[in-house]
Amino acid sequence: MVAPIVISTCMESANNITMEDNGPSRENLTWTEPQMDYLVQLLVEQSRIPGMKSGGGLKPKAYTAIEKGMMDRFGPEFTKDKIKNKLKYSKPNLTVMKEMLNTSGFAYDPINKCIEVDPQDNEDDAPPKLQRDALASIRDSHK
């Protein structure tokens, strides 16, 4: 029996962030699943273009292209600063998911958009501390 862990819900809840600017307005930007999916698509596209990566990250011109793509599709509120802020707050969740997927017994289900856990494999192969830490981190970010 496989027990799924819903990732998209955890990420959305953990990443409803307040953007603070030095400008005249402050606004909350809640990212939808289609917006996140498109952002990931743009990030992958830009990272595959030769010369767009620098020191493990993307160059400013890559972020400019991503900003343009997000604004064209979803509106002017998707500035570079907001995109970078979203990535900053998403990284801890992505790190936990990567660790989980590299552990025996965990697999990603693209149809349900969640990580599935095979309890049989998990008990035998995975380090219990990693399991507890990964699951606790996702649970805590969901609060």
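Owing to the predicted nature of the structure, the values given are computational and were not obtained by experimental measurement. (Residues numbered from 1 in each chain as written. Predicted model: local features only at pLDDT ≥ 70, side-chain atom pairs only at ≥ 80, totals over all residues. Heavy atoms only, no water.)

**Here's the deal with the overall build of the protein chain**
As a reminder of what qualifies: In DSSP terms, a helix is any run of H or I states spanning at least four residues, a strand is any run of E spanning at least two, and both are numbered starting from the N terminus. By definition, residues are in contact when any of their heavy atoms lie within 4.5 Å. The protein chains shown are the only cover counted for residues, whose accessible areas, like all others here, come from Shrake-Rupley with a 1.4 Å probe.
Across its full length, the protein chain holds six helices and seven strands. Along the protein chain, helices and strands appear, N-terminal first, in the series β-α-β-β-α-β-β-α-α-β-β-α-α. Expressed as a percentage of contacts within the protein chain between residues at least 6 apart in sequence, the contacts between residues at least 24 apart total 58%. Only carbon and sulfur atoms are counted for the fraction: they give 53% of the accessible area of the protein chain, which is about 9000 Å².

**Overview of helix α3 (residues 60–74)**
We apply this condition: Residue count minus one, scaled by 1.5 Å, sets the expected span of a helix. The cut-offs for exposure are 20% and 50% of the maximum accessible area for each residue type, with area from a 1.4 Å probe on protein chains only; residues under the lower value are buried, those over the upper are exposed, and the others partly exposed. The arc in question is the one spanned by the directions pointing from the helix axis to the C-beta atoms.
With 15 residues, α3 should reach 21 Å at 1.5 Å per residue; the first-to-last C-alpha distance of 21 Å fits that figure. Those residues of α3 lying buried are Ala62, Tyr63, Ile66, Glu67, Gly69 and Met70. Each buried residue of α3 lies within a common arc of 165° when the element is viewed along its axis, so the set occupies one face. Away from its buried face, by an angle of more than 90 degrees, α3 presents the exposed residues Pro60, Lys61, Lys68 and Asp72. Summarising the contacts, the buried residues of α3 are in contact with α2 (33–48), β5 (57–58) and α4 (80–101). Of the residues trailing α3, glycine 75 is marked for its positive phi of about 120°.

**Describing α4**
Here α4 spans 30 Å end to end across 22 residues, near enough to the 32 Å set by a 1.5 Å rise per residue. Along α4, the residues classified as buried are Lys82, Ile83, Asn85, Lys86, Ser90, Asn93, Val96, Met97 and Met100.

**Topic: the packing of aromatic side chains**
Stated formally: Aromatic pairs are defined between Phe, Tyr and Trp rings, using the six-membered ring for Trp, whenever the two ring centres lie within 6.5 Å; interplanar angles under 30 degrees are classed as stacked, those over 60 as edge-to-face, and all others as tilted.
On inspection of all chains with the given rule, the structure shows three aromatic pairs. Aromatic side chains tyrosine 38 and phenylalanine 74 sit 5.9 Å apart centroid to centroid with 70° between the ring planes, which places their arrangement in the edge-to-face category. Taken together, the residues tyrosine 38 in helix α2 and phenylalanine 74 in helix α3 connect sequence positions 36 residues apart. The exposure class assigned to tyrosine 38 is buried, which follows from its relative accessible area of 14%. Overall, phenylalanine 74 belongs to the partly exposed group, its relative accessible area being 24%. Judged by centre distance (5.9 Å) and plane angle (55°), the rings of phenylalanine 74 and phenylalanine 78 are tilted. On the basis of relative accessibility, which here comes to 0%, the residue phenylalanine 78 falls in the buried class. Each member of the aromatic cluster is reached from another via a ring pair, and the members are Trp31, Tyr38, Phe74 and Phe78.

**Side note on the environment of cysteine 114**
You can see cysteine 114 is positioned in strand β7 (residues 114–117). Between the C-alpha atom of cysteine 114 and that of methionine 97, which follows or precedes it by 17 residues, the distance is 9.9 Å.

**Here we look at the nonpolar core**
The following threshold applies: Take the buried Ala, Val, Leu, Ile, Met, Phe, Trp, Tyr and Cys residues and link them wherever side-chain atoms come within 4.5 Å; each set so joined is a nonpolar core.
Counting 15 residues, the largest nonpolar core has Trp31, Leu39, Leu58, Ile66, Met70 and Ile83 as its most contacted members. Of all elements in the fold, only α2 and α3 reach the threshold of two or more residues within this core. When residues in this core are grouped by element, the largest group, five residues, is from α2. Contacts of methionine 70, omitting those with residues within four sequence positions, involve Trp31, Gln35, Tyr38, Leu39, Leu42, Gly75, Phe78 and Ile83.

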